[in-house]
There are 2 protein chains.
Amino acid sequence: MIQPSVKLKAETRRKLKTERKREAILRSAAAAFAQKGYYGTSMEDIAERLLMTKGSLYYYFKDKEEILFACHDYSLNLVLDNLEQVEAMDAPTDEKLACLTAAHVDVMLDALQGSAMALDFSALSEPLLKKIIAKRDRFERGLRSLIKRGTDEGIFRTVDAKLAVFMLLGAINWIAKWYRAGGSYDAKAIGKAYADIFVSALKSGKRFEFEIPDFIGQRNGQDSTYPFAP
Amino acid sequence: MIQPSVKLKAETRRKLKTERKREAILRSAAAAFAQKGYYGTSMEDIAERLLMTKGSLYYYFKDKEEILFACHDYSLNLVLDNLEQVEAMDAPTDEKLACLTAAHVDVMLDALQGSAMALDFSALSEPLLKKIIAKRDRFERGLRSLIKRGTDEGIFRTVDAKLAVFMLLGAINWIAKWYRAGGSYDAKAIGKAYADIFVSALKSGKRFEFEIPDFIGQRNGQDSTYPFAP
DNA sequence: ACAATAATTGACTAATCGTTCAAAATAATA
DNA sequence: TATTATTTTGAACGATTAGTCAATTATTGT
């Protein structure tokens, strides 16, 4: 009396369970990384929150680095998914940009507790680092092209797209540093506020010009190299 | 033949030398912290760049934490100084805000290699942490009040000043993550671009309103707690 | 040149951490 | 229940690290 359907179900159930546990580990790790950084987080820290022992982690992941990689990979996939969803929208470019901004804030805060934040990039070694950087670049290019398209269409003014993207993503990545779940702001409120500021800057008619005052950059001791400047 | 002036000069020279060395250590540490984080940086890392041994560091600083504290304190002093300088300027509020932004970028990149970045706040213990947070809050309050003043004067539109400040400072703090000295952008270019975007957003006539699309926030697995959600 | 002070060293420590693994516990299957 | 496959454990390892300190070297003042 072979019951392939039942047997299959049991197997998939197992696989699913393992998959869920992997994700739980990622969430725990991401939260810890965001708080104390990659090197400041011990495998025991990660395990403790899940009522596991650190030995068990090695059943699910090869080593600590693979956990960090999986965190990045997981949230970058969501972020690239956002890009696709937004581009599929039937909406003007400014609205698309606003939605992508809000979506990015959402991933950063809800999906893996700002894992992309704990971006101790230096902690990943060559092969893994390359993969992550490739994905991140794909997203950044998509975002830049959205901005450029807006400029071409005449709804955005001309800006240095690279710097603008760095500014926006930096602002969003930093949220994980001050955000506390249950605090005054939720992901939607932050997303709306950030998108508003960024998009309305691009929609504003003209550059804000100003002179950089003298007191900047002429400070004490920059040159006082002691054996040498690092 | 007592020569108080000479003796005094020699003494001050010594003090000065020690002070310089302390600063050199801070710069080395700040660079390392920015690259690999507080916990990822060893005392030997800090010493090595200065052709010292780690033992010597303890002649200048009590422990690693004090170095981190000094980094924060040093750059926060500069940042508070910026605030004063800008407030002393004879210029309209929008220009003041732009200058403060550019000045902040400058401190972040030139003064201590983005040390405020390595903001492993969690690495500081209570008494030191309190001092740093107090100073940082003083700066943030000053920045918020600048924005509010602009709104009162009618040159800025109404925004959530707290979120706006978080956004601006986050964007600036993040620069240290991608900035490379000698690269395409210098502190002035970045400062001008960031100030332009931020200020022109505040000067833009009206909010950019949009609806948050459905695909945001309804993603897979948020709920799949495995023993529990972290 | 000599004494006194300041600065540096390098070996040592106690603790922590990432990783391994054989054994034990748990769950699934027949 | 007996057998097998899956998962967890906890002890043990080698490596690294922050911090200490007595001894050494460099600098300064007389």
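Position numbers for residues count from 1 along each chain, tracking the sequence in the order it is written. Both sets of labels track the order of writing: A upward for chains, 1 upward for ligands. Totals for whole chains, interfaces and linings use all residues, but because this is a predicted model, local features are given only for residues with pLDDT of at least 70 and pairs of side-chain atoms are given and counted only at 80 or more. Side-chain metrics rest on all non-hydrogen atoms present in the structure, leaving aside hydrogens and water.

Draft legend 1. Representation of the overall build of chain A within the structure. Numbering of helices and strands starts at the N terminus; helices are DSSP runs of H or I of at least 4 residues and strands are runs of E of at least 2. What chain A contains, in helices and strands, is eight helices and zero strands. In sequence order, the secondary structure elements of chain A are arranged as α-α-α-α-α-α-α-α. Relative accessibility thresholds used throughout: buried, under 20% of the residue-type maximum; exposed, over 50%; partly exposed, between the two (1.4 Å probe, protein chains only). When the 230 residues of chain A are sorted by exposure, 55% land in the buried category. The contact criterion used throughout is that any non-hydrogen atoms of two residues lie within 4.5 Å. Restricting to contacts in chain A with at least 6 residues of sequence separation, those with at least 24 account for 71%. Approximately 11100 Å² of chain A is accessible, and the part contributed by carbon and sulfur atoms is 51%. Using the Shrake-Rupley algorithm and a 1.4 Å probe, accessible areas are obtained, with residue cover drawn only from the displayed protein chains.

Draft legend 2. Spatial organisation of the interface of chain B and chain A. Listed as interface residues are 86 residues of chain B and, on the opposing side, 86 residues of chain A. Joining two parts hides part of their accessible area as seen by a 1.4 Å probe, and the buried area is that hidden amount summed over both. Here chain B and chain A share an interface that buries about 7800 Å² over both sides, 68% of which is from carbon and sulfur atoms. Every case where a carboxyl oxygen of Asp or Glu lies within 4 Å of a side-chain nitrogen of Lys or Arg is listed as a salt bridge. Scanning the region where chain B abuts chain A turns up four salt bridges. Taking the shortest distance from any N to any O, the salt bridge between B:Asp196 and A:Arg207 comes out at 3.6 Å. We call two N or O atoms a polar contact when they sit within 3.5 Å, provided that within protein one can donate a hydrogen and the other can accept it, with sequence-adjacent residues counted only if both atoms are side-chain atoms. On inspection of chain B and its partner chain A, the count reaches twelve residue pairs in polar contact (both at pLDDT 80 or more).

Draft legend 3. Geometry of the protein's contact with DNA strand C. When at least one non-hydrogen atom of a residue lies within 4 Å of a molecule or strand, that residue is treated as near it. What surrounds DNA strand C is a group of 17 residues, the closest being A:Met43, A:Lys64, B:Lys21, B:Tyr59 and B:Tyr60. Taken together, the sugar and phosphate atoms account for 69% of what DNA strand C places within 4 Å of the protein. B:Tyr59 places a side-chain nitrogen or oxygen 2.3 Å from a phosphate oxygen of DNA strand C. Take B:Tyr60: an N or O atom from its side chain is 2.7 Å from a phosphate oxygen of DNA strand C. For the surface near DNA strand C, the secondary structure elements donating two or more residues are helix H3 (54–60) of chain A together with helix H1 (4–36) and helix H3 (54–60) of chain B. Each residue receives one of three labels: charged for Asp, Glu, Lys and Arg, nonpolar for Ala, Val, Leu, Ile, Met, Phe, Trp, Tyr, Cys and Pro, and polar for the others, Gly being one of them. Residue classes in the surface near DNA strand C are distributed as six nonpolar, six polar and five charged.

Draft legend 4. Geometry of the packing of aromatic side chains. All names here are of chain A. The criterion for an aromatic pair is that two Phe, Tyr or Trp rings (for Trp, the six-membered ring) have centres within 6.5 Å, with stacked assigned to planes under 30 degrees apart, edge-to-face to planes over 60 apart and tilted to the rest. Considering all chains together, one arrives at ten aromatic pairs over all chains under this definition. When the ring of Tyr59 is compared with that of Tyr60, the centres are 5.3 Å apart and the planes differ by 85°; the resulting orientation is edge-to-face. Site record: aromatic cluster; members linked through ring pairs are Phe33, Tyr38 and Tyr39. One Lys or Arg, Lys64, reaches over the ring of Tyr38 and ends 4.4 Å from the middle of that ring. The criterion for a charge sitting over a ring is simple: Lys NZ or Arg CZ within 6 Å of the ring centre, and within 35 degrees of the ring normal.

Draft legend 5. Broad picture of unusual backbone geometry. All names here are of chain A. The backbone of Leu51 shows a phi angle near 55°, a positive value even though the residue is not glycine. As for its position among the elements, Leu51 is in the loop between helix H2 (43–48) and H3. Here Leu51 falls in the exposed class, since its relative accessible area comes to 69%.

Draft legend 6. Looking closely at the protein's contact with DNA strand D. Close to DNA strand D lie 17 residues, the nearest being A:Lys21, A:Tyr59, A:Tyr60, B:Lys54 and B:Lys64. For DNA strand D, the backbone makes up 70% of the atoms found within 4 Å of the protein, where backbone means sugar plus phosphate. A:Tyr59 is positioned with one of its side-chain polar atoms (N or O) 2.3 Å from a phosphate oxygen of DNA strand D. One nitrogen or oxygen atom from the side chain of B:Lys54 is found 2.8 Å from a base nitrogen belonging to DNA strand D. When contributions to the surface near DNA strand D are tallied by element, the ones reaching two or more residues are helix H1 (4–36) and H3 of chain A together with H1 and H3 of chain B.

Draft legend 7. Seen up close, helix H7 (residues 161–178) of chain B. Residue and element names in this part refer to chain B. A helix is expected to span 1.5 Å multiplied by its residue count minus one. Its 18 residues give H7 an end-to-end C-alpha distance of 27 Å, which sits within 8% of 26 Å, the value for a rise of 1.5 Å per residue. Counted residue by residue, H7 has 16 buried out of 18 residues, so it is predominantly covered. A side-chain oxygen of the first residue of H7 lies 3.1 Å from the backbone nitrogen of Lys162; this N-cap is Asp160.

Draft legend 8. Geometry of the relation of the copies chain B and chain A. Superposing chain B onto chain A takes a rotation of 180° combined with a translation of 0.0 Å along the rotation axis, leaving an RMSD of 0.1 Å. Taken together, the rotation angle and the small translation identify this as a two-fold axis. The fraction of interface residues of chain B whose copies in chain A are also interface residues reaches 100%, indicating that both copies meet through the same surface. The least-squares superposition of copies is restricted to C-alpha atoms, and to residues with a pLDDT of at least 70 in both copies.

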